[in-house]
Structure formats: C-alpha cells, structure tokens
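A look at the structure
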Amino acid sequence: MWTLKQIADHIGGVVKGDGTFQVNSIGTLQAATTDQISFLSNKKYKKYLVDTNAGIVIVHESMVVDVPNHAIIVDDPYVAYAKTASLLNPTIEMSKGIHPTASVDATSQIHPSASIAAQVVIESDVEIAEDVIIGPGCVLLRGVKVGKATRMTANITICESVQIGKNGLIHPGVVIGADGFGIANDKGTWIKVPQIGSVVIGDDVEIGANTTIDRGAIDNTTIGNGVKLDNQIQIGHNVVIGDNTVIAGCTGIAGSTQIGQNCIIGGGVGISGHLEICDGVQMSGMSMITKSITKPGVYSSGIPAEPVQQWHRNVIRYRQMDKLADRVKQLETLNKK
Amino acid sequence: MWTLKQIADHIGGVVKGDGTFQVNSIGTLQAATTDQISFLSNKKYKKYLVDTNAGIVIVHESMVVDVPNHAIIVDDPYVAYAKTASLLNPTIEMSKGIHPTASVDATSQIHPSASIAAQVVIESDVEIAEDVIIGPGCVLLRGVKVGKATRMTANITICESVQIGKNGLIHPGVVIGADGFGIANDKGTWIKVPQIGSVVIGDDVEIGANTTIDRGAIDNTTIGNGVKLDNQIQIGHNVVIGDNTVIAGCTGIAGSTQIGQNCIIGGGVGISGHLEICDGVQMSGMSMITKSITKPGVYSSGIPAEPVQQWHRNVIRYRQMDKLADRVKQLETLNKK
Amino acid sequence: MWTLKQIADHIGGVVKGDGTFQVNSIGTLQAATTDQISFLSNKKYKKYLVDTNAGIVIVHESMVVDVPNHAIIVDDPYVAYAKTASLLNPTIEMSKGIHPTASVDATSQIHPSASIAAQVVIESDVEIAEDVIIGPGCVLLRGVKVGKATRMTANITICESVQIGKNGLIHPGVVIGADGFGIANDKGTWIKVPQIGSVVIGDDVEIGANTTIDRGAIDNTTIGNGVKLDNQIQIGHNVVIGDNTVIAGCTGIAGSTQIGQNCIIGGGVGISGHLEICDGVQMSGMSMITKSITKPGVYSSGIPAEPVQQWHRNVIRYRQMDKLADRVKQLETLNKK
C-alpha cells in the first residue's frame, strides 16, 4: 500500500485531499476502484473523470475541479503516471547466479550478481556485467559484452562480438548481430560478402519483440543512448540511430542509413538505404522514405483506405492523370487563341 | 486406407461411384494418383478436372459430370476438403509427461496428460491443463495459464501471467505478452511506462510464426474466440480483437485499437492506434487504416505497381495535382465570362 | 597476415606495387590503416580514395591513378572485395559432435563431422549430413533433412519433414515449415485446413533473421538454388521461388505465388497470392504487386513521403480527381460548342 503523500513526493506533485489515503495499484479512469490510483492525460478520456471511482487521480491543475476524490496535481500527468507505475510495480527480483541447465563457456566472465536463467547458452569470451539478467532460452555467441543491469527476457539471440550498454531492456525473439544482407553478383551467381563489422548498442535502450538489428559489413551498426525500438523492426547493416530516437513497430531501415537524434518514427515506415535523416524528424505511419531529409519536421506518405469501389475508381483516375494534364493543356491552348 | 463411404459420411457428402473404393492420401487435381482423393473448389482449377487421375474428387453437384472417377458431392468442397484432410492426417501423438531436459518450476501445475518437450522452461505458478502440448524450446514465464488441448510447436515465448484458452495452436517464434511500447517524454528523456496489464486469448485461436502480441499498459490486450492470425503480425498493447476475426501475415495494429467480430484483414495492412473497427469489416492487402470504421464492407488503399518509368511519371503528376486543379479553375473562370 | 600477391592471386587481380606488402584485415577507405586493405566500387566514395591510408586498395583500372599506396586492379571491385573478405575472415571452426546439453533422438542420423551445439533439440528421423553446423537453441522437428555444410546460427526452428540443401546459411529466429494460413469458413466458424505439404529448400540458400517460410497445403513450398533472403520476410504456403532470386527485408509473399529466376525484390514489398512473376523481374521497395508480371523489367509503386501539410493537401486532391476529371470534361464540351 502506498499513501497519497508518498506517491506525490515520488512524482513531485501537489497533494489535494488526505495525504494518508492509501492505494495499492493502478487502474484506468473507467475501471479503477477506490483502492486504486488513476490519471488523466489524454483529453479523449476527460469524460470519464467526473464519475471515476479511483481513490486518487493524477491530473493537470486545469482538471482538478472535476476530480471526485483525492488528486495529485502535476504538470505532465502521463510522465507522472509512468513514474507512479514504476513505484507501484517494482521489477521482480531474479535469483542471482547461473541456473544448472544453462550452458556457460568457462572462458566467459559472469558477474556474481548477474542472473543466468534456465536453458541459456553463453559461448566463449562473453562478458556479463553486474545485475544483468539473461532470461530463459537466450543465446549469447562468442565475445558478446553486456553492460550493467541490462535485462533480456527470453529466447533472444545476440551474435558474435555484439556490445550492449547499461540499463537495456530486450524483449523475446530479438536478434542482434546476424549478418547484414551483403551479396555481390559474380557473373550471374550471388556470392556472400562476409559481414565483419559488429553492432554497438548504447545505454538505456529498449528493443521490442522479434526486432532484428544486423551487424555491419565492415564498420559497426550503431544504436545510440536512450533509443526505444518497438516490435518487429528491421535495421540493416551499418545503420546509425542517434540518441533518444524512438521507432514504432514493423518499420524497416535499409543498410547504411543514418538517423539523427530525437527522431520519432511511426510504425510500418520503410526507409531506403544510404540516406541521412537529420535530428528531430518525425515520420507518420507507413511513410515511404526514399530521400535524405535535412530539415526537422513531420513527413508523411500513403493514401488512407476508402470503400473498395471508390478505391478502384481513384486508382483508375490516378493512372489517367497524365492524359488529364494533356487535356487541360489543350484547353489552355484553345482558350489562349 | 479410407473408403469412399467412410469419407463421404465424415464430410456429410453424397457418394457417386463405388463406396468401397479406397484412398490413402490427398493430392491436387494435377498430381493426384488413383489411390488419392482430390477436390475442386476454385473455378480456376476446373480445367484440370477432366484429366485428373485422382481416385475420388470432392465436388459441387454442378461439376460432378466432369469427374472421371469416383466423386463425393457436397455443398462446399473447400470445407469438405478441410475435413477430409483432418481425417486422413490425424495429429501425431506426443509422449505425455515432462522431458528430462525441460526445466519446470516446482510451484507450477502440469496436468499429467500434458506433454512438455525437450529444453522447455516453465517458471513458477504456471498452470497447464490436460492434453496441452508444449513443444521444444518454449518458454513460459511466471503465472502463465494454458487451456485444455492447446498446442505450442516450438521456440515460443509466453510472458508473465498471460492466459491462453482451449484448443489453441501457436506456431514457432511467437511472443505473447512482451511489454507494449509505452514511453513518456520527461523533459527530453524517454522514460518507461510499465506495462502492467496482460494478454487474454480465447479458445480455438491459431497464431502464426513470429507473430507478436503485446501485453496491456493497464488493462489487458484481448484476442477473442476463434481468431486466426497468420505469421509476423504485430498487435500492440490493449488491442481488442473480436471473435472469429482473421488476419493475414505482416499486418500491424497499433495500441488500443478495437477490431470487431468476423472481420477479414489482408496481409501487410497497417492500422493506427485508438481506432474502432466495427464487425464485418474487410480490408484488402497493404491497406492503410487511419480512421475508425463504423460500416461493414470492404476497404482498400494503395496503388498497385507499374513499370518504373510510368511510376516516375505518375508520381510527378501526383505532386502537380494542386497546380492542375488551379489551372482547371482558371479555365472555368475564363469560360464563365 | 596476407601479402598483396596472395590476395591478388585469390581474386584474379593485377598487382600494382610491392607484391610482398602485407595486410591483416579490411577497412573502409575512410577508416583503413596501412595494415589494412580497402576497395572502391561505389562512385559515391571516390572522394575518399586520394587520402586513404589503406595499404592496399582494390580498384577498377580507371581509378588506379588515384590510389596513394598499393593497388589490385580488377574488373569488379565489389566482387573482388567479397572474395578478399572471405579469404581474410574464414569461418570459425566449430567443435564437431553433439554437445552434452543437446537433446537428440536416437533414431536420427547425425554425421560425425557435424556440430550440434548446446540446448539443441533434434527429434526423430532427422538426417544431418557432413559438416553441418546446428547452433545453440535450434529445434529440428521430426524427419527434417539438412544437406552438407549447411549452417544454422541459433534459435532456429525447422518443422516436420522440411528438406534443406547444401551450403545453406540460416540466421537466428528463422522458422521454416510452420503451417500455412489455411482456413475454411464452415457456416460462420473458421475450421483449419491441415497443411500436409512441406518445404524444400535448394543449395546455397541464405535466409535472414526471423524470416518465416510456411509449409505447403498439399504440395510443397519450394525455394530454388542460390536464393538469398534477407530478414523478416514472410513466404506463404506453396510459394515457389526460382533460382538466384534475391529478396530484401520485410517483404511478404502470399500463398501459391510463383516467382521466377534471377528476380531482385526490394524491401517491404507485398505480393498477392496466386500470381506468376516471370524471370528477371525487379521490384523497388514497398511495391504493391497485385497482378502477375509476364515481362522482365523494373516495377514500382508507392508515393514517397513529403512534408505533412503537402501530404494532407495532396491526399485531398487525390480524392477530388474524379470531380476534377468531370470538370475538365465539362470544359471540353463547352469549348467544342
């Protein structure tokens, strides 16, 4: 149980109500009970505020009049909610040491405070720092280095010599350091271009389930500090992603493209290879990026869906644009006479 | 070996020919031999009917005159073929019990009729019902519950507290219950929003290889009964998918979107977050869905490929549409005078 | 260390400089030191040639005057670089035999020269040829056959009866032979169509991380010799891919489509089911292929991203095309009078 005051202190908010009031968990405005804390940040949900049963609601000052019970007033309720959720849901402690079913090569250095779970494989010359958690079924190939307090959930593959920073969080099915797609056409036959670079991942990086990050062809693929990657993202060889850039699921980035810092890239975006994207660029979902971007701002492409008959008609019109332009030109000529 | 009559009884069809005639397996119309049964449902393949060597063909009554050998007449040959294939290819029995290389926590309850394969990891407080099959290399984290007769093929990861219903079929590489993509920007730094909801999956759900379903932020992500998901689908946190909806491969659904019942969603579709899609909606492949849909029907987007020169030309014309519209307006003004 | 002459002989190039000069590794033109060899194939990087510190540069004859140190002259510097990289970075030898933590069924035949790593599962009736490497955490289900010298990195799943040729290279997270997406609607309920075909993969095939290849419904899914697949590709049941075709990441191919030989398919492409794509077709990234292609050449679709305001405006114009065409028609009628 946490008191209103404890939580307010933790998130730097102002108490409105009884500071000794207690809650035990988090709920949405619609579903929360009196022993739960909730929050309002998206205006879309404002309608649920008046009738919420939540014992405490985290709100912006402008909304506090509508809170039926206790409140904590903050500048940014979403950030405050994130901090509250971390306070109320501490990470479960894993048992330290190496599970008896794990297979760890004798040449690897595992810090005694690290946790190596069941069925893990750690090959030779791997270095695991303190408080690292390697979940069940993970495979770390030769020479991998994992920084302090980084957690890998389960069934993750980290290939040869990949380096991962501190405080990382890697979700199941992720593959880091598989070969980049390097092939050369030798008189009609594709031959392999060995991928001799590696992958270097900064601190505080989160990587979503089944995302893949390829190793570099010669130099390394590089992921900056504070980068957050969602699920099923594909990052080609020698891509560079700047600090604090976030990328939503199913986006693909082709080889050697450089993405700046503090970019926000939507889901299902496709980015061609060998481009440079400057800092502060946002891309909306399913955008098709074929050229470098040198100016911060929001970029978009794609035509949203419509009823199928309309779609058919519009695709036909699209293919007739060239002729339509000619017809307009003819009319213009006619009208000039 | 199965007789014509046995199969006809199983699928509720009418025998045409010798009920004692026997077949041992299924083949396509083109490749089947006389000891095989085939079917015709797609008119595209009608041309192969007359010359087929198949000993038996499952057909609609309207086609039966062209069957060279024995036939079974049914209303829906595709459904009848599906049932025949199940009859002729029963699921292989797995040995019951826990494989000696599996790592199963003592607090978990495994029904004695369940099969736990090699290298599996089952953490604490997991509940496995009768006749469940957990294939090699699967990892079930704390508190997972799996309903009767659900099968997991291999190398699947089920995260903390996820609940899976009865008669499910989950293919390799699937990840259920990894953290949703929840981050909040705290004065320039992205901080994690703990994902404290779970995933609840109904009965009779099939989930294709390498598909990922994220756990909810506060409430659960929910997959209805009879839902069928193809490979490499990404389902964000708090998505709700209604009963009997089917989704083809590579589709991504962003967080908090609700999909109705009996929807049919094509491959490579992208659906934005926080939308509501009503029952009975169909989306064609690669559609980009950015708004809620309140009316059943077929929705589409995307312009099919064309030869590269034409594509270049059309993209240029597309970018000139605004000017073209202005030119038309000018002509109209001119012609009004 | 390798001498200039050794490398030149290996790649069939002409020495320019001291044939006894030695290098130990490969570097890019920008970063290479004097004990490294580099290459120039992409004209974009020509500017770095004059100032490179690389001890040796592999170049085309036309560029050799600008090489500051030693050179090897070849017709195709990229192919020559690929061969040099293979020479200087030989595949690491794996210890032969079966790791004690692997679980191998007694009915399977493992060639004594093969390497079966930790935590591998090999079910019954599997055949592993000479020099095959099965990396940590891989699962091979019943009846799989793997040809000579094929390597699987880690955490790969090969399902029942799949056949893989010689000299293959399969990256982590790949799933081959999971059920295709076969369902039939039986009066409102989706029932499963058993997938009784398999997957047959030719020789010299590379398959990227987390790519999935489904087994056939009745006949097999077939991948030709020399095919190269990047990461996170989805290949549906009964797809046929011709020899030497290469496909970039995140592309999806729906069921029963046949792709010819020597095709080059970009990333994020979506190809509908039941199509025929002839030999020698190229598709640019994110193309939407909805019809068969009978003529070799380059095909494209998709409108590249633009600043968001422009995008909004263009989407509106797109939806007005029909009306615009009507207005042009009216003007034409008016002008004919």
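Residues numbered from 1 in each chain as written. Chains lettered and ligands numbered in written order. Predicted model: local features only at pLDDT ≥ 70, side-chain atom pairs only at ≥ 80, totals over all residues. Heavy atoms only, no water.

It is worth spelling out the overall build of chain A at this point. On a plain count of helices and strands, chain A comes out with 4 helices and 40 strands. Against the 2.2 N^0.38 benchmark of 20 Å for 337 residues, chain A shows a C-alpha radius of gyration of 26 Å, more extended than a compact globule. If you line up chain A on its principal axes, its C-alpha atoms span 85 × 65 × 35 Å. Within chain A, the proportion of its 337 residues that are buried is 56%. Across chain A, the fraction of contacts at a sequence separation of at least 24, relative to all contacts at a separation of at least 6, is 17%. Charged side chains of chain A number 27 positive and 31 negative; the gap between the two group centres comes to 13 Å. (Helix = DSSP H or I, 4+ residues; strand = E, 2+ residues; numbered from the N terminus. Rg over C-alpha atoms; globule rule 2.2 N^0.38 Å. Buried < 20%, exposed > 50% of the residue type's maximum accessible area, 1.4 Å probe, protein only. Contact = heavy atoms within 4.5 Å. Lys, Arg positive; Asp, Glu negative; His and termini not counted. Charge placed at Lys NZ, Arg CZ, Asp CG, Glu CD.)

Listed by partner, the interface residues are 72 residues for chain A and 70 residues for chain C. For the pair chain A and chain C, the summed buried surface comes to about 5,600 Å²; carbon and sulfur atoms form 62% of the total. Contact with chain C buries area across many residues of chain A, yet F181, W190 and M288 of chain A alone supply 13% of it, more than any other trio. There are 6 salt bridges connecting chain A and chain C. (Buried area = accessible area lost by both parts, 1.4 Å probe. Salt bridge = Lys/Arg side-chain N within 4 Å of Asp/Glu carboxyl O.)

Another point: the interface of chain B and chain A. Chain B puts 72 residues into the contact, and the matching count from chain A is 70 residues. Roughly 5,700 Å² of surface becomes buried between chain B and chain A when both sides are summed, with 62% attributable to carbon and sulfur atoms. Area buried by chain B at its contact with chain A is led by F181, W190 and M288 of chain B, which between them contribute 13% of it. Here chain B is connected to chain A by 6 salt bridges. The salt bridge partner of R319 of chain A is E306 of chain B, with a shortest N-O separation of 2.6 Å. Counting every contact that joins chain B to chain A gives 26 residue pairs in polar contact (both at pLDDT 80 or more). The set of elements that each furnish at least two residues to the side of chain B that touches chain A consists of β21 (175–178), β22 (183–186), β23 (189–192), β26 (212–214), β38 (288–289), β39 (297–300), α3 (308–319) and α4 (321–336) of chain B. Per-element tally for the side of chain B that touches chain A: the top contributor is α4 of chain B, with 7 residues. Of the residues assigned to the side of chain B that touches chain A, the class counts are 36 nonpolar, 25 polar and 11 charged. (Polar contact = N/O pair within 3.5 Å; in protein donor to acceptor, adjacent residues only side chain to side chain. Nonpolar A, V, L, I, M, F, W, Y, C, P; charged D, E, K, R; others polar.)

We now examine the relation of the copies chain B and chain A. For these two chains of identical sequence, chain B goes onto chain A by a turn of 120° and a shift of 0.0 Å along the axis, with RMSD 0.0 Å. In symmetry terms, the pair is related by a three-fold rotation axis. (Least-squares fit on C-alpha atoms with pLDDT ≥ 70 in both.)

Take the sheet that holds strand β15 (residues 139–140) of chain A next. Residue and element names in this part refer to chain A. In spatial order, the strands read β9-β12-β15-β18-β21-β26-β29-β32-β35-β38; together these 10 strands make up an open sheet with parallel pairing. Looking at strand neighbours, the two that pair on one side only are β9 (103–104) and β38 (288–289), the edges of this open sheet. By the bridge criterion, 2 bridges tie strand β26 (residues 212–214) to strand β29 (residues 234–235) in an arrangement that is parallel. For I213, the partnering residue across the bridge sits in β29 and is I235. (Pairing = 2+ DSSP bridges.)

The tally for this structure, following the rule as stated, stands at 15 aromatic pairs over all chains. Seen in terms of ring centroids, F39 of chain B and Y81 of chain B are 3.9 Å apart; in terms of plane orientation they differ by 5°. Their pairing is stacked. In this pair, F39 of chain B is assigned in strand β5 (residues 36–39) and Y81 of chain B in helix α2 (residues 77–88), connecting sequence segments 42 residues apart. On the accessibility criterion, Y81 of chain B (3% relative accessible area) is buried. Among the aromatic side chains, those forming a connected cluster through ring pairs are F39, Y78 and Y81 of chain A. (Phe/Tyr/Trp six-rings, centres within 6.5 Å; stacked < 30°, edge-to-face > 60°.)

Residues and elements named next belong to chain B. Both faces of strand β6 (residues 56–59) are covered, namely the face carrying I56 and I58 and the face carrying V57 and V59. With 3 bridges connecting them, β5 and β6 associate as parallel partners. If you follow S38 over to β6, its bridge partner there is V57. As paired strands, β6 and strand β7 (residues 70–73) are joined by 4 bridges and run parallel to one another. In the strand pairing of β7, I56 is matched with H70.

Per the domain assignment, the segments making up chain A are domain 1 (2–88), domain 2 (97–299) and domain 3 (307–337). On a C-alpha basis, the centroid separation for the pair domain 1 of chain A and domain 3 of chain A is 56 Å. (Domains from an automatic or database assignment.)

Let us now look at the environment of G182 of chain A. Among the secondary structure elements, G182 of chain A is positioned in the loop between β21 (175–178) and β22 (183–186). Along the sequence, G182 of chain A and N210 of chain A sit 28 residues apart, while their C-alpha atoms lie 21 Å from each other.

Residues and elements named next belong to chain C. Taken together, 9 strands build an open sheet; the order of strands is β10-β13-β16-β19-β24-β27-β30-β33-β36 and the sheet is parallel. Each having just a single partner strand, β10 (109–110) and β36 (276–277) make up the two edges of the open sheet. Where strand β27 (residues 221–223) and strand β30 (residues 240–241) come together, 2 bridges link them in parallel fashion. In the sheet register, I223 faces β30, and the bridge partner there is I241.

Counted by the stated rule, this structure contains 27 salt bridges over all chains. With a shortest N-O distance of 2.8 Å, K5 of chain C and D9 of chain C are connected by a salt bridge. With K5 of chain C and D9 of chain C both in helix α1 (residues 4–11) and 4 residues apart, the pair spans about one turn of that helix. Residue R142 of chain C pairs with E160 of chain C through a salt bridge whose shortest N-O separation is 3.3 Å. Here R142 of chain C, found in the loop between β15 (139–140) and β16 (145–146), pairs with E160 of chain C, found in the loop between β18 (157–158) and β19 (163–164); they are 18 residues apart in sequence, far enough to count as distant. Residue classification places R142 of chain C among the partly exposed positions, given a relative accessible area of 24%. Overall, the relative accessible area of 22% leaves E160 of chain C in the partly exposed class. Three or more residues are tied together by salt bridges with common partners; here these are D179 and K192 of chain A together with E206 of chain C.

As a further point, take the nonpolar core. Residues and elements named next belong to chain B. Counting 50 residues, the largest nonpolar core has I128, L140, M152 and I176 as the members making the most contacts within it. Contributions of two or more residues to this core are made by β24 (199–201) and β37 (281–283). Discounting chain neighbours no more than four positions away, the residues touching I176 are T157, I158, C159, V162, I164, I170, V199, I201, I207 and I213. (Core = buried A, V, L, I, M, F, W, Y, C linked by side-chain atoms within 4.5 Å.)

Moving on to α1 of chain C. Residue and element names in this part refer to chain C. If you check which residues of α1 are buried, you get L4, I7, A8 and I11. Looking straight down α1, one finds its buried side chains confined to an arc of 100°; they lie on one side. One or two steps after α1, the chain reaches G12, where phi turns positive at roughly 65°. (Arc of directions from axis to C-beta.)

Moving on to the pairing of β5 of chain B. Residues and elements named next belong to chain B. The side-chain alternation of β5 yields two buried faces, one formed by Q36 and S38 and the other by I37 and F39. Here 2 bridges tie strand β4 (residues 25–26) to β5, and the two strands are oriented parallel to one another. Note that in β5 the partner of I26 across the bridge is I37.

With that out of the way, let us pick up helix α2 (residues 77–88) of chain C. Between its terminal C-alpha atoms α2 of chain C stretches 16 Å, which fits the 16 Å expected from 12 residues at 1.5 Å a residue. Taken residue by residue, α2 of chain C has P77, V79, A80, Y81, A82, T84, A85 and L88 of chain C as its buried positions. (Expected span 1.5 Å × (residues − 1).)

Regions with low pLDDT carry predicted coordinates that are not meant to be interpreted in detail. With 100% of its residues at a pLDDT of 70 or more, chain A shows a mean pLDDT of 96. Quick note on the complex model: pTM equals 0.97, ipTM equals 0.96. (pLDDT = per-residue confidence, 0-100.)

With that settled, consider the packing of helix α4 (residues 321–336) of chain A against α4 of chain B. Between two packed helices, both the angle of their axes relative to each other and the distance between the axes serve to describe the pair. Across the interface, α4 of chain A lies against α4 of chain B with an axial gap of 10 Å and an inter-helix angle of 35°. The way α4 of chain A lies across α4 of chain B gives a crossing that is left-handed. Here α4 of chain A contributes M321, L324, A325, V328, K329, L331, E332 and N335 of chain A to the contact with α4 of chain B, which in turn contributes M321, L324, R327, V328, L331, L334 and N335 of chain B. Its residues assigned to classes, the contact of α4 of chain A with α4 of chain B shows 10 nonpolar, 2 polar and 3 charged. (Axes fitted to C-alpha atoms, helices over the stretch in contact; angles between N-to-C directions. Left-handed = near helix turned anticlockwise from the far one by under 90°.)

All names here are of chain B. Residue position: Q261 is located in the loop between β33 (258–259) and β34 (264–265). Residue Q261 is classed as partly exposed on the basis of its relative accessible area of 35%. Considering only alpha carbons, one finds Q261 and D279, 18 residues apart in sequence, at a separation of 4.7 Å. Those residues in contact with Q261 that lie beyond four places of it in its chain are G242, D243, T245, D279 and G280.

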